[in-house]
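Chain by chain, the residues run as shown.
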Amino acid sequence: MIPTLLVVVSLTFFLTRMLPGDPALAILGPEAEADEIQLLRQEMGLDKSLPEQYVCYIADVCRGNFGESYSYHQSVLSLIISRIPNTLMLTLTALIFSLVLGVGAGVLAATRQNTVIDYCISVVALLGVSMPVFWLALMLILQFSVKMNLLPVMGMGSMEKGIGDVISHMLLPGLVLAVIPMGTFARTTRSSMIDVLGSDSIRCLRARGIRESKVIWIHGLKNALPPIVTVFGLQLAGTFAGAIVTEGIFSWPGMGTVINTAINNRDYSLIQGAVLFIAISFVFCNMLVDIFYMLLNPKVDFENGGH
Amino acid sequence: MIRRSVTTWVLAAALAAMTLAGCGSSNQSAPQQDTTTTAAASEPATTAALETRAEEEPSGEVQKGGILTVVVPSSPKTVDPKDHTTDYEADIIFQVAQNLVTYNKDYTDIIPLLATEWSVSEDGKDYTFKLRDDVYFQPGKFQDGRQMVAEDVKYSLERIYNECATDRICREFFESVEVVNDFEVIIHLKDSCGPFLETLCDIGNGILPKEEVEGWGDEFGYHLVGTGPFMLEEMVADEQVTLKKNPNYWGDEPNVDGVVVKTASDNSQIVNALVSDEAHIGMYLQGESIQRAKDAGLLAQAPATSVTMIRFNMQNGPTADPKVREAIIKAVDIDGMVSGIYQYGEASRIYQPLTFLSWGYQDKYDSLIPEYDPEAAKALLAEAGYPDGFTMTMYIGSSTNREKMAQLFQYYLGEVGITVEIKSSTMADWMSAVTGSYKDSVVNSYGITFNGTIDPYAYEEKFFTSNNIDSVSNAGGYADDQVDEWLYAAYKETDREKRTEYYGQVMEKVMNDNVGIFYACEARNWGIAPKVHDSVVRADSRLLICTPFNNIWIEQ
């Protein structure tokens, strides 16, 4: 884990430095004069050489100091910590939503293979996977917020105004973010279930007279889970990336908005901090997926070289 | 003439096609946009007529109460007058903190705010201000709403002088503030300074209570306290800023109980929020959002104090030759270009590197622009040694208006044999590329909008003094000793008439030197809900809610 993170930290450091554009200029704008820009560069430590900046940065990160964000006038760590709950709330809601619906639809399609229902689900799932997220978002806003005036256009609800406010603000962005994973879950579940339902073990269970619903939802789904878990791990990452776009459209105050602002303002320490955080969460998610595998299938043994 | 108008039509159609193609692939607009874009193309924009929205007839008396919701494209991050950098932040500060003096409703003159009157000494070095004696600070954590006195003026101005990263107070000329008594101060300058009084209108020079500034320290940027009509209640970056009415405000009581400023980085979302009644005012609309606001009857526009221009590299490359510069200007049909770029009528044609709203503007210099004449341009190019043209670059920070400009510029110059390579990048990247670019011939020309005040200093000094050749404002590297001398004289002079004369001389010289194409004054575009009354869209796009000249109220 440590080497992975070291590579990520170094890569981000040099990649952000390769971004064209001077942060001091980006902050002060075209109206600023040369000496003002020079002053800010010094204050930001940009007048030092690149290796010097790198060593300072690594030393700071090891001490848990991620620096100050110049565009937010706040410490990077506290900024990220304050945004994580907002993004998690959005992505987890979307994921759970898509998991329940996607897996349900997938199982339904698998048990009704080659019927109208199966075809409909497959087409909808395919549409979901290939839908451009921002287009869908704008269309939904036009329909539900502007024309019908049912749901808020943007922002995050506040608990002070009641749970209804939170849910109504969550509906559109949550739905938009859920569309891609939902399609993916449905497709994966369908193919995995078709394999499992055709296997000898299921035929045995049916022969023993066990109720069909139990065969499908408990025994069938349990055996079909491994590929779904893998896809879940991937989607966790994908949804996080998708949140950058969705948050931008809905003005959701999460990590996505922070990353957008950071990149536009060439806020080096914030970009680095945010990327490092995402890398850590990816490593963490992968670990979770591996552990989950182990629970699902005791044959998976990490000490003897995995499965 | 016929040829010219055909060209304009072809260009307009091509641009419309490009815009439509853009709509198709990005799908960012409502379906009705397609028809309006076409309409705009077949009917070249009348650039002079800006939209004033039809305010709903108020059904009676001024109504008090309600929360005014405002949407801006980028979130305010810090509202310490010393540290703020964006207009969005300045708009918040303006509600909370106040200056000695401020601009009037039309943005043509300066009126008293915390000062009641002022006088300038004969030598222009001492400014005496008499202060209001009925002004109290908003109560905060470190003081309970005490009276504002001269000592606070001294503290606040000297803080900006000593600690601000940008120069907001004519730093080279500012010396000190002398407290005469509780309600009188004298500001001493090292030498007379023409733009000084205007500088005091900069929101950075708002008067603050020392206890709060020092008590909060670095956190003052989220806990601003001043003397204004609204108090800062809460500020959450990327979410919203909440302001509430100051019960002890010295001026007229604000009609609204509070203000909420929200952020929508996606411009079409600002209009959506207005249409769905989630917001009252949407600021800084762009492109198609302007048309949507117009269709919904929400659009309110005002010409901005800004200059949108193409500047040439004055020291290197082909544009270092005055004949080439003249030829380039002659090759461009500027009227056609402006109506091609601003299809929604969101800009007016200008002629000089100075806003026409400035008191120093003299229209007699308008005619110094070389007239559109492609044949003469070709002849000039041949004379300059480029009978077959040449290749040059145009650097722009990517935005719709700038990209359309670059494409039209490329088209017009192509007609006289000059190949233009467009280099488009993010604003941050653009600024790095352009700063200091006069030193070599990589950047031959660039486009930018530059915002200023109504003092010609904010344009002519910034654009043409040789002191600024390493800043973005004069990146083309214009340097002329005589112009420097005039600019310095105008800077030191306090009499407006004499300053106008100096700036006129500078104008004549730079126009004759063909330093660039100063083509448009982009408008301020706001969307305002019909039930909002007494709103003002001013040239500087300041959010004016409760001021000496207006007091917004919302029909319930």
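Parameters at a glance
Residues numbered from 1 in each chain as written. Chains lettered and ligands numbered in written order. Predicted model: local features only at pLDDT ≥ 70, side-chain atom pairs only at ≥ 80, totals over all residues. Heavy atoms only, no water. Helix = DSSP H or I, 4+ residues; strand = E, 2+ residues; numbered from the N terminus. Buried < 20%, exposed > 50% of the residue type's maximum accessible area, 1.4 Å probe, protein only. Areas by Shrake-Rupley, 256 points an atom, 1.4 Å probe, with all protein chains shown as cover. Lys, Arg positive; Asp, Glu negative; His and termini not counted. Charge placed at Lys NZ, Arg CZ, Asp CG, Glu CD. Salt bridge = Lys/Arg side-chain N within 4 Å of Asp/Glu carboxyl O. Patch = residues over 30% accessible without salt bridge, like charges linked within 9 Å, V, L, I, M, F, W, Y side chains within 5 Å. Phe/Tyr/Trp six-rings, centres within 6.5 Å; stacked < 30°, edge-to-face > 60°. Lys NZ or Arg CZ within 6 Å of the ring centre and 35° of its normal. Domains from an automatic or database assignment. Contact = heavy atoms within 4.5 Å. Buried area = accessible area lost by both parts, 1.4 Å probe. pLDDT = per-residue confidence, 0-100. Pairing = 2+ DSSP bridges. Axes fitted to C-alpha atoms, helices over the stretch in contact; angles between N-to-C directions. Arc of directions from axis to C-beta.

Trainee: Can you walk me through the overall build of chain A in this structure?
Mentor: Check the secondary structure of chain A and you find 12 helices and two strands. Listing the helices and strands of chain A from first to last along the sequence gives α-α-α-α-β-β-α-α-α-α-α-α-α-α. Along the longest, intermediate and shortest principal axes, the C-alpha atoms of chain A span 85 × 60 × 35 Å. Burial status across chain A gives 47% buried among its 307 residues. Summing over all exposed atoms, chain A offers an accessible surface of approximately 15,300 Å²; the carbon and sulfur share of this is 68%. In chain A, 18 positive and 21 negative side-chain charges are present, and the distance between their average locations comes to 19 Å.

Trainee: Help me understand the overall build of chain B in this model?
Mentor: Each helix and strand counted, chain B has 16 helices and 22 strands in total. The burial tally for chain B puts 60% of its 556 residues in the buried class.

Trainee: Before we go on, may I ask you to explain the pattern of salt bridges in this structure?
Mentor: Two side chains of opposite charge can pair, provided their charged atoms sit close to one another. All names here are of chain B. Throughout the structure, instances matching the rule amount to 31 salt bridges over all chains. A salt bridge links K245 to D257; its shortest N-O distance comes to 3.5 Å. Of the two residues, K245 sits in strand β9 (residues 240-245) while D257 sits in the loop between β9 and β10 (258-263), which places them 12 residues apart along the sequence. For D257, a relative accessible area of 38% corresponds to the partly exposed category. Among the ionic contacts, a cluster of salt bridges with common partners joins K64, K245, E253 and D257.

Trainee: Would you explain a nonpolar patch on the surface in this entry?
Mentor: Taken together, F284, M287, L288, I291, F292, M294 and L295 of chain A make up a surface patch of nonpolar side chains, about 680 Å² in accessible area. Inspection of the secondary structure puts L288 of chain A in helix α12 (residues 268-296).

Trainee: Please clarify how the packing of aromatic side chains should be interpreted in this entry.
Mentor: For any pair of aromatic rings, the description rests on two quantities: the centre-to-centre distance and the angle between the ring planes. Residue and element names in this part refer to chain B. Scanning all chains against the criterion turns up 22 aromatic pairs over all chains. Measuring from ring centre to ring centre gives 5.7 Å for F142 and W216, while their planes differ by 90°; the resulting arrangement is edge-to-face. Residue F142 is found in the loop between β5 (126-131) and α4 (150-163), and its partner W216 is found in helix α6 (residues 210-216); the two are separated by 74 residues along the sequence. Pairwise contacts between aromatic rings join F450, Y459, F463, F464 and Y478 into one cluster. Its guanidinium or amino end placed over the ring of W216, K141 lies 4.8 Å from that ring's centre, counting from NZ or CZ.

Trainee: When you look at helix α13 (residues 427-434) of chain B in this model, what are you seeing that I'm missing?
Mentor: Think of an α-helix as turning once every 3.6 residues; residues three or four places apart then point the same way. For α13 of chain B, every residue scored as buried is listed here: A428, D429, W430, M431 and V434 of chain B. G436 of chain B sits one or two residues past α13 of chain B and shows a positive phi near 75°.

Trainee: When you look at unusual backbone geometry in this model, what are you seeing that I'm missing?
Mentor: Trans is the prevailing form of peptide bonds, just as negative phi is the prevailing case for residues other than glycine. A positive phi is found at N149 of chain A, a non-glycine position, where the angle reads about 55°. Note on placement: N149 of chain A falls in the loop between α7 (133-147) and α8 (163-197). The backbone phi angle of Y107 of chain B is positive, close to 65°, even though this residue is not glycine. Residue position: Y107 of chain B is located in the loop between β2 (101-103) and β3 (110-112). Take Y107 of chain B: its relative accessible area is 3%, and that puts it in the buried class.

Trainee: What's the story with the domain arrangement of chain B in this structure? I'm lost.
Mentor: Where interface size is quoted, it is often the accessible area lost as the parts come together. Residues and elements named next belong to chain B. Along its sequence, chain B is carved into domain 1 (51-97 + 228-302 + 525-556), domain 2 (102-217) and domain 3 (306-522). Of note, the centres of domain 1 and domain 2, computed from C-alpha atoms alone, are 26 Å apart. Taken together, the contact between domain 1 and domain 2 spans 21 residues of the former and 21 residues of the latter. Taken together, both faces of the contact between domain 1 and domain 2 bury some 2,000 Å²; the carbon and sulfur share is 65%. Together, K82, W250 and R538 form the three largest contributors to the area buried by domain 1 at its contact with domain 2, with a combined 36%.

Trainee: Explanation requested: the environment of D218 of chain B in the structure shown.
Mentor: By the secondary structure assignment, D218 of chain B is in the loop between α6 and β8 (230-236). With a relative accessible area of 81%, D218 of chain B lands in the exposed category.

Trainee: How do you make sense of the confidence of the model for chain B when you look at a structure like this?
Mentor: Note: predicted coordinates in regions of low pLDDT should not be interpreted at a detailed level. Residue and element names in this part refer to chain B. The predicted model of chain B has a mean per-residue pLDDT of 88, with 89% of residues at 70 or higher. When mean pLDDT is compared element by element in chain B, strand β7 (residues 184-189) scores highest at 97, while helix α2 (residues 33-42) scores lowest at 30. Low confidence marks residues 1-48, where pLDDT is under 50. Its contacts with residues over four positions away, or in another chain, come to 60 contacts. Here the prediction assigns the complex a pTM of 0.84, and the interface score ipTM is 0.79.

Trainee: How do you make sense of the interface of chain B and chain A when you look at a structure like this?
Mentor: Of the residues lining the interface, 47 residues belong to chain B; the matching set on chain A comes to 44 residues. Here chain B meets chain A over a buried area of about 3,500 Å², counting both sides, of which 57% is carbon and sulfur. Put simply, chain B and chain A have one salt bridge between them. For D238 of chain B, the salt bridge goes to R83 of chain A, with nearest N and O atoms at 2.9 Å.

Trainee: Can you help me understand the sheet that holds β5 of chain B in this one?
Mentor: In a beta sheet, neighbouring strands pair by backbone hydrogen bonds and run either parallel or antiparallel. All names here are of chain B. Across the sheet, four strands lie side by side as β4-β5-β7-β6; this open sheet has antiparallel pairing. Edge positions in the sheet fall to β4 (115-120) and β6 (174-181), since each has one partner strand and no second. Across the sheet, the mean angle separating the axes of adjacent strands is 20° when strand polarity is ignored. In this sheet, β7 lies alongside β6 in antiparallel orientation, the contact comprising six bridges.

Trainee: What exactly am I supposed to notice about helix α11 (residues 374-383) of chain B here?
Mentor: Residue and element names in this part refer to chain B. For α11, the complete set of buried residues consists of P374, A377, L380 and L381. Viewed end-on, α11 has its buried residues packed into an arc of 115°, placing them on one side of the element. Of the exposed residues in α11, those oriented more than 90 degrees away from the buried face are E375 and E383. Buried residues along α11 sit in contact with α9 (322-331). Positive phi shows up at G385, right after α11, with a value of about 95°.

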